[in-house]
Amino acid sequence: NGLANVMATELVGAEANVATLTISEPTTDWHKQRIVTRNLPLRTDFDPVFEGDNSMIYVIDSGCDMSHPEFANANVQKIHNIDHGSYDAFIGGGGNGTLFTVEDDHGHGTAMASLIVGETVGVARNTQLGVVKVSTGDGLTDISNVAEGINSIFKHYRSGTTVADQRATVGVVCSWTFPKSEALDRLFIFMWNSRMVPIAAAGNAGADVDTISPGGLNLILTVGASDASDNVPTFSNDAGTIVEQGTGLQTNG
């Protein structure tokens, strides 16, 4: 709907039931209600059509508390840490896997990972999640650390020894925002051209999203904030006068 030169036909007969919902549960979690609601009011059942099967999501953040009960049934893998770089390269060089930690010293990365594959709050529980730790206890990082993490993602994605390169969907989530950087933007464009789906935060400075990286890129998915009325809060970076069709939400310019 709304895509130029694209025609969609809805099946109305017996063949219409090709997709079978396997989750249908009542929820009071706003994020789970919102993700299954196209137009307000919010629905109170979480019944997504897709649960993350045949997908791989890399989270570039502060690490992950993999021992947390939220991840008891999740497929969570170590991909990169700020001290040793690529997990695959570390192990390939004879490193001890127990010394390679992606433990979260800050908490943000664990929160992000739980929203994806968490037992109670996750929205795509069947996806395979890769932890890319690019910060330490203060939760701060720089572009060079993120670039090294992206390099480890490419190594894992192209290794041929994991299921990652066989997945139908590969996403990369980056929650940091930086001042406009051509170098960082090029890395995210390269990810897009490599058949990955980069997902970035819009940022919380109440400014034009085009002034930051990587969220200002039009090629990628940029996630801003919305309130209960589908309006953009004043703190969320957005795209100025650009409004997505059919809603009050706006993100990418």
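About the cut-offs
Residues numbered from 1 in each chain as written. Predicted model: local features only at pLDDT ≥ 70, side-chain atom pairs only at ≥ 80, totals over all residues. Heavy atoms only, no water. Helix = DSSP H or I, 4+ residues; strand = E, 2+ residues; numbered from the N terminus. Buried < 20%, exposed > 50% of the residue type's maximum accessible area, 1.4 Å probe, protein only. Axes fitted to C-alpha atoms, helices over the stretch in contact; angles between N-to-C directions. Parallel < 35°, antiparallel > 145°, perpendicular 65-115°, else oblique. Left-handed = near helix turned anticlockwise from the far one by under 90°. Contact = heavy atoms within 4.5 Å. Nonpolar A, V, L, I, M, F, W, Y, C, P; charged D, E, K, R; others polar. Pairing = 2+ DSSP bridges.

Asks: Quick question: what am I supposed to make of the overall build of the protein here?
Replies: A tally of regular secondary structure across the protein gives five helices and eleven strands. Within the span of the protein, comprising 253 residues, buried residues form 42% of the whole.

Asks: Just checking my understanding: could you explain the packing of helix α4 (residues 143-157) against helix α5 (residues 182-193) for this structure?
Replies: A packed helix pair is summarised by two numbers, namely the angle formed by the two axes and the spacing between the axes. Remark: α4 packs on α5, axes separated minimally by 11 Å, with the N-to-C direction vectors making an angle of 15°. Between α4 and α5, the interaxial angle falls into the category roughly parallel. Like other packed secondary-structure pairs, α4 and α5 cross with a definite hand, here left-handed. Here α4 contributes Ile143, Val146, Ala147, Ile150 and Phe154 to the contact with α5, which in turn contributes Leu184, Leu187, Phe188, Phe190 and Met191. When grouped by side-chain class, the residues that make up the contact of α4 with α5 number ten nonpolar, no polar and no charged.

Asks: Help me understand the sheet that holds strand β4 (residues 75-81) in this model?
Replies: The pairing of strands in a sheet happens through backbone hydrogen bonds and is either parallel or antiparallel. Reading across the sheet, the seven strands line up as β5-β4-β6-β3-β7-β9-β11 and stay open at both edges, with mixed pairing between neighbours. Each edge of the open sheet carries a strand with a single partner, namely β5 (85-86) and β11 (221-223). Sheet analysis places β4 next to strand β6 (residues 128-133), joined by five bridges and oriented parallel. Paired with Lys78 across the bridge in β6 is Val131.

Asks: Explain the environment of Val197 here, please?
Replies: In this structure, Val197 sits in strand β9 (residues 197-201). Sequence separation of Val197 and Val170 is 27 residues, and the distance between their C-alpha atoms is 6.1 Å. Dropping the residues within four chain positions of it, Val197 is found in contact with Val170, Gly171, Val172 and Leu221.

Asks: Even after reading the chapter, I still don't get the pairing of β6, so can you show me in this structure?
Replies: The buried count for β6 comes to six of six residues, which makes it a mostly enclosed element. Side chains of β6 alternate between two faces, with Gln128, Gly130 and Val132 and Leu129, Val131 and Lys133 buried alike. In terms of strand pairing, strand β3 (residues 55-61) meets β6 through six bridges, oriented parallel. Looking at the pairing, Ile57 lines up with Leu129 of β6.

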